[in-house]
Amino acid sequence: MMASKKISDALEELERKRKLGEINTLEFYFGLLNIVKLLEEELRKENLSENQIKKQIPFIITFIKTQVRELKSRGN
């Protein structure tokens, strides 16, 4: 199975479970983070160009800064 299909299927399944109430918000959140891990593992196998990488960096920085800001606001 192609990596993109595997990741897409995992996301769709997670969204389906959330929509049907099979998982709560916390489980959904950590499921999303697990998908990010899966994506990271697959991206490491890719031969990414400098240009492709540069396009993605702002999204990743925004995500990380938001998570750190929220962590700090909770006293961590």
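It should be noted that the structure appears before, not after, this text.
Definitions and limits used
Throughout this document, residue positions are counted from 1 along each chain, in the order its sequence is written. For a predicted model such as this one, the threshold for reporting local features is a pLDDT of at least 70, and the threshold for listing and counting side-chain atom pairs is 80 or more; totals across whole chains, interfaces and linings nevertheless cover every residue. Side-chain metrics rest on all non-hydrogen atoms present in the structure, leaving aside hydrogens and water. Helical segments are the DSSP runs of H or I of at least four residues, strand segments are the runs of E of at least two, and each set is numbered from the N terminus. The atom set for the radius of gyration is the C-alpha atoms, and the globule formula is 2.2 Å times the number of residues raised to the power 0.38. Each residue is placed in one exposure class: buried if its accessible area under a 1.4 Å probe, protein chains only, is under 20% of its type's maximum, exposed if it is over 50%, and partly exposed if it falls in between. Working definition of accessibility: Shrake-Rupley area with a 1.4 Å probe, residue cover restricted to the visible protein chains. An axis is simply a line fitted to the C-alpha atoms; with a helix, the fit covers only the stretch in contact. Between two such axes, the angle follows the N-to-C directions and lies from 0 to 180 degrees. Convention used here: angles under 35 degrees read as roughly parallel, angles over 145 as roughly antiparallel, angles from 65 to 115 as roughly perpendicular, and any remaining angle as oblique. Whether two residues are in contact is decided by their heavy atoms: any pair within 4.5 Å suffices. Residues are grouped as follows: nonpolar covers Ala, Val, Leu, Ile, Met, Phe, Trp, Tyr, Cys and Pro; charged covers Asp, Glu, Lys and Arg; every other residue, Gly included, is treated as polar. In this analysis, rings of Phe, Tyr and Trp, with Trp reduced to its six-membered ring, are considered paired at centre separations within 6.5 Å, and the interplanar angle assigns stacked below 30 degrees, edge-to-face beyond 60, and tilted for intermediate values. Residues are said to line a cavity or pocket when one of their atoms sits within 4 Å of a point; the points come from a 1 Å grid over protein atoms alone, cavities being sets where a 1.4 Å probe fits but cannot get out and pockets being open sets with protein on both sides within 12 Å along at least five of seven lines. Grid points are joined across faces, edges and corners, and a volume is the space filled by probe spheres set on the points. In these notes, a set of buried Ala, Val, Leu, Ile, Met, Phe, Trp, Tyr and Cys residues joined through side-chain atoms within 4.5 Å is what counts as a nonpolar core.

Examining the overall build of the protein
- Each helix and strand in the protein was counted, giving three helices and zero strands.
- Along its sequence from the N terminus, the protein presents helices and strands in the succession α-α-α.
- Here the protein has a C-alpha radius of gyration of 15 Å; the compact-globule value for 76 residues is 11 Å, and the former is much larger.
- Dimensions of the protein, computed from the C-alpha atoms along their principal axes, are close to 40 × 40 × 15 Å.
- Each of the 76 residues in the protein was classed as buried or not, and the buried ones make up 11%.
- On the protein, roughly 6600 Å² of surface is accessible, and the fraction owed to carbon and sulfur atoms is 59%.

Some points on the packing of helix H1 (residues 3-19) against helix H2 (residues 25-44)
- Where H1 contacts H2, the axes come no closer than 10 Å and their chain directions differ by 180 degrees. Between H1 and H2, the angle falls in the class roughly antiparallel. Residue-level contacts link Ala3, Lys6, Ile7, Ala10, Leu11, Leu14, Glu15 and Arg18 of H1 to Thr25, Phe28, Gly31, Leu32, Ile35, Leu38, Leu39 and Glu42 of H2.
- Of the residues in the contact of H1 with H2, the class split is ten nonpolar, two polar and four charged.

Description of the packing of aromatic side chains
- Counting across every chain of the model gives one aromatic pair.
- Between Tyr29 and Phe30, the aromatic rings sit 5.2 Å apart at their centres with planes inclined by 75 degrees, giving edge-to-face as the arrangement.

Observations concerning the layout of surface pockets
- Its volume calculated, the largest pocket comes out at about 620 Å³.
- Lining of the largest pocket is provided by 16 residues; of these, Val36, Leu39, Glu40, Leu43 and Ile60 occupy positions nearest its centre.
- Elements that contribute at least two residues to the lining of the largest pocket include exactly H2 and helix H3 (50-73).
- In the lining of the largest pocket, the residues fall into eleven nonpolar, three polar and two charged.

Side note on the nonpolar core
- Of all hydrophobic cores here, the largest spans six residues; its members are Ile7, Leu14, Ile23, Phe28, Ile35 and Leu38.
- A total of three residues in this core trace back to one element, the largest contributor, which is H2.
- Here Phe28 is in contact with Leu14, Glu15, Arg18 and Ile23, once residues within four sequence places are set aside.

Section: the environment of Ile35
- On the secondary structure map, Ile35 appears in helix H2.
- In this structure, the C-alpha to C-alpha distance between Ile35 and Ala3, residues 32 residues apart in sequence, is 12 Å.
- Excluding residues that lie within four positions of it along the chain, Ile35 makes contacts with Ile7, Ala10, Leu11 and Leu14.

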